Amino acid sequence: VQLVESGGGTVQAGNSLKLSCKMSERPFSSRAMAWFRQAPGKEREFVAGIWWAGNPVRYADSVKGRFAMSKDGAKNTIYLEMNNLKPEDTAVYYCAGRTGSPVTGAADYRDWGQGTQVTVSS
C-alpha cells in the first residue's frame, strides 16, 4: 500500500492546518491507520490512530482536544485536522498503516508515507 501525505505548511501559533493521506488501495476493515510526527532530534511519536472499520479514534495526550482524525472511505483517504497549533507541534508528519489495532509504537507499522512538514511559528 502506498501512502501519500499532503497539506503541510508554515502557520502562526493558534492557527489550523488539515493534513491528508491518500492510500493507493482501500484498506481491509482489520487495518489500522495512524498519524505520527517526528521533530528534529526526537523520536517518531504517535499522534492519532483509528481502525479502518471506524472505532473511536485514539489520540496522544499532547493533541487531545486540538487535533481530529477522520477518514473518507470513498476516497481511501485519512485526515488530520490540527487546530490551535503550537510551536511544539512543529515536525514532519507521517501517516502509517498496519494490520491490527492502532497501537502507539512506530515499529509496529509496516506502511509509511514520505511525510509532510508542519512548521508553527510563535
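See the structure shown above.
Residues numbered from 1 in each chain as written. Predicted model: local features only at pLDDT ≥ 70, side-chain atom pairs only at ≥ 80, totals over all residues. Heavy atoms only, no water.

1. Brief notes about the packing of aromatic side chains
Okay, so step 1: Throughout the structure, instances matching the rule amount to five aromatic pairs.
Okay, so step 2: Here the aromatic rings of F36 and W112 are separated by 5.1 Å at their centres, their planes lie at 55°, and the arrangement is tilted. Taken together, the residues span a long stretch of sequence, with F36 in strand 4 (residues 31–38) and W112 in strand 10 (residues 111–112) at a distance of 76 residues.
Okay, so step 3: Among the residues examined, F36 registers a relative accessible area of 0% and is labelled buried.
Okay, so step 4: Ring geometry for Y109 against W112: centres 6.3 Å apart, planes inclined by 65°, an arrangement best described as edge-to-face.
Okay, so step 5: Overall, the relative accessible area of 5% leaves Y109 in the buried class.
Okay, so step 6: An aromatic cluster is built from F36, F46, Y94, Y109 and W112, whose rings are joined through pairwise contacts.
Okay, so step 7: Lying over the aromatic face of Y94, R44 brings its terminal NZ or CZ to 3.8 Å of the ring centre. (Phe/Tyr/Trp six-rings, centres within 6.5 Å; stacked < 30°, edge-to-face > 60°. Helix = DSSP H or I, 4+ residues; strand = E, 2+ residues; numbered from the N terminus. Buried < 20%, exposed > 50% of the residue type's maximum accessible area, 1.4 Å probe, protein only. Lys NZ or Arg CZ within 6 Å of the ring centre and 35° of its normal.)

2. Details of unusual backbone geometry
Okay, so step 1: A positive phi is found at N76, a non-glycine position, where the angle reads about 50°.
Okay, so step 2: Following the sequence through the fold, N76 ends up in the loop between strand 7 (67–72) and strand 8 (77–82).
Okay, so step 3: Non-glycine residue N84 carries a positive phi angle of around 50°.
Okay, so step 4: Here N84 is to be found in the loop between strand 8 and strand 9 (91–99).

3. Remarks on the sheet that holds strand 7
Okay, so step 1: With antiparallel pairing, four strands are arranged side by side in an open sheet as 1-3-8-7. Looking at strand neighbours, the two that pair on one side only are strand 1 (3–6) and strand 7, the edges of this open sheet. Averaged over all adjacent pairs, the angle separating strand axes in this sheet is 15°, with direction ignored. (Pairing = 2+ DSSP bridges. Axes fitted to C-alpha atoms, helices over the stretch in contact; angles between N-to-C directions.)

4. Here's the deal with the pattern of salt bridges
Okay, so step 1: Here the structure, examined in full by the defined rule, presents six salt bridges.
Okay, so step 2: A salt bridge links D89 to R37; the shortest N-O distance between them is 2.9 Å. Here R37 lies in strand 4 and D89 lies in the loop between strand 8 and strand 9, a separation of 52 residues in the sequence. Accessibility classification places D89 together with R37 in one group, the buried group.
Okay, so step 3: In this structure, the salt-bridge partner of D89 is R66, at a minimum N-O distance of 2.7 Å. Of this pair, D89 sits in the loop between strand 8 and strand 9 while R66 sits in the loop between strand 6 (58–59) and strand 7, placing them 23 residues apart in sequence. Considered together, D89 and R66 belong to a single accessibility category, that of buried residues. (Salt bridge = Lys/Arg side-chain N within 4 Å of Asp/Glu carboxyl O.)

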